Amino acid sequence: MLTNYLKTAIRSLLKQRIYTLINVLGLVVSITACLLIAIYVRYELSYDNFFKDADRIYKLVLERKYPNHSTYYASIPHSYSMVAQKDFPEVEKTLLMFGGGNNVNIKYKVSETNVKTFEENHFVFADSNFFDFFDVGLMLGDKHTALAKLNQVVISSSAAKRFFGNEDPLGKTLFGDLGEMKVTGVFADLPENSHLRFDAVVSVSGEQLRRQENFISFDSYTYLKLRPNTSATALEAKFPKMVDNYASGQIEQQLGQSWEDYKKAGNGYRYFLQPLTSIHLDPRNIEFTNTPSGNRNHIYALIFIGGLILAIACINFMNLATARSAERAREVGVRKVMGSLRGQLVAQFLTEAVLLSVLGSVLAVGCAYLLLPSFNLLVDKKLALAFNGSFATGLAIVALFIGIAAGLYPAFVLSGFSAVTVMKGNFSGSNKGSWLRNGLVVFQFMISIVLIISTLVV
């Protein structure tokens, strides 16, 4: 039966080439746009998911309340890292990171007369447990000792290639703006979809930091790994008391004002946890972030726009199909006279719709592949089409959904014609159907105008 439906659908579509071409082109354009949007959205939502225990890692960030406004900060006083580890049993381990390694001159002495100089933008400083906290695999070196001493540095594989070519980087010495640093390890380059962006991790002394108590100056990035089955919300509820216990003394000492008066004036420190996988798309404007952030609200807007584009294509299909109802009325009448049931006619018309949708989807994949390099330049990303089983399954589901969604109404309209009326030549389209078509056209143009205006405004 399905084979018969397919043969009949192919013959019908080939017979009406202009109708088929218009529908396919509409579907290709809309599905191509949606594919590009989907690739971008999936990439943005994938940030930092590749880290082991990503669901248990949080960044401790701050809302600093001033008398007239509030500002969010990604960097906080470093001493809270030690406090969190000591005071909260929910915290399994902590990590301190520091920025400041942009536009630095790094040099390597090849020989007495040959010194290479590099300008680097992605050097970070971290405590010795960095490679134990984040499972960034080391290609060379021991993750437990690579940052154990001061002036040690672990570099990325691309940085190692840049600095030393094909030489073994371990034990080599780099020098320059950051002083002398001994290379003790090499890690595989991180994927682009991470809020952490660095080519080198330089060791800092945790013990030295602990001796310099600081609860009010923003100088470090602090990450917490919580124990399994720990509630981040319950832990956050303990932070106000933590601030009262540790920050109040320094505030009173430095400002000569009581902690209570300081808070009554409108000042305050609200610490909260950012899930690792949500850092990139946090919609809040957070100062001093590691890398430029995205915005989750923009992602939702793109998903909504993709849905509108598909809606336009589906409405276009429905209007074209129902507009041809007079042409296909006699076909329906003859089929019914020959014994076709309404369900069979619905199946036939849905097969045509799904076939068009599949054809449009396949061509859209080719268009998306060709347009992807230009799209990458537009969004400044390195996106790629993943031709695998999941992609094929997802595309098949989308094509089936579009075909059914766009073809269901025309299928019921066309299959509902009265055979007697049609064969007598008294068929005419219903006013109800005309009103629906007009309404869909108005809706379609409204969406198009809104998208065009929005594009021009952007």
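For the structure itself, consult the block above.
This write-up is about the structure you can find in this document.

Conventions used here
Residues numbered from 1 in each chain as written. Predicted model: local features only at pLDDT ≥ 70, side-chain atom pairs only at ≥ 80, totals over all residues. Heavy atoms only, no water. Phe/Tyr/Trp six-rings, centres within 6.5 Å; stacked < 30°, edge-to-face > 60°. Helix = DSSP H or I, 4+ residues; strand = E, 2+ residues; numbered from the N terminus. Buried < 20%, exposed > 50% of the residue type's maximum accessible area, 1.4 Å probe, protein only. Lys NZ or Arg CZ within 6 Å of the ring centre and 35° of its normal. Core = buried A, V, L, I, M, F, W, Y, C linked by side-chain atoms within 4.5 Å. Contact = heavy atoms within 4.5 Å. Salt bridge = Lys/Arg side-chain N within 4 Å of Asp/Glu carboxyl O.

1. Some remarks on the packing of aromatic side chains
- Counted according to the given criterion, the structure contains 25 aromatic pairs.
- Considering the side-chain rings of F131 and F187, the 6.0 Å spacing of their centres and the 45° angle between planes classify their relative orientation as tilted. With a gap of 56 residues between them, F131 in helix α4 (residues 130–133) and F187 in strand β10 (residues 181–187) connect regions that are remote in the sequence.
- Classification of F131 by relative accessible area gives buried; the value is 1%.
- Members of the aromatic cluster, joined through ring pairs, are F50, F51, F130, F131, F133, F134, F187, F198 and Y223.
- A cation over a ring is seen here: K225 above F133, with NZ or CZ 5.6 Å from the ring centre.
- Above the ring of Y72, the side-chain terminus of R284 is found at 5.7 Å from the ring centroid.

2. Quick notes on the nonpolar core
- Ranked by internal contacts, the top residues of the largest apolar core, which has 40 residues, are I31, L35, L372 and L383.
- Broken down by secondary-structure element, the contributors of at least two residues to this core are α2 (17–45), α10 (296–323), α12 (342–379), α13 (389–415) and α15 (431–457).
- Among the elements that make up this core, the one with the highest residue count is α2 (13 residues).
- Excluding residues that lie within four positions of it along the chain, L383 makes contacts with I39, Y40, Y43, L372, F375 and N376.
- One finds V61, Y72, V124 and F134 within the second-largest nonpolar core, a separate group that totals 29 residues.

3. Description of the pattern of salt bridges
- Tallying each qualifying case throughout the model produces 15 salt bridges.
- Note that K109 is salt-bridged to E112, the shortest N-O span being 3.2 Å.
- The exposure class assigned to K109 is partly exposed, which follows from its relative accessible area of 39%.
- Residue R162 is joined to E120 by a salt bridge in which the shortest nitrogen-to-oxygen separation is 2.8 Å. You can see R162 sitting in helix α5 (residues 157–164) and its partner E120 sitting in strand β5 (residues 114–120), a full 42 residues away along the chain.
- Under the relative-accessibility criterion, E120 is labelled buried at 4%.

4. Focus: unusual backbone geometry
- With a phi close to 60°, F288 is a non-glycine residue in the positive phi region.
- Here F288 shows up in the loop between β14 (286–287) and α10.
- Although it is not a glycine, D380 adopts a positive phi angle of roughly 55°.
- On the secondary structure map, D380 appears in the loop between α12 and α13.
- Relative accessible area serves as the criterion here: at 68%, D380 is assigned to the exposed category.

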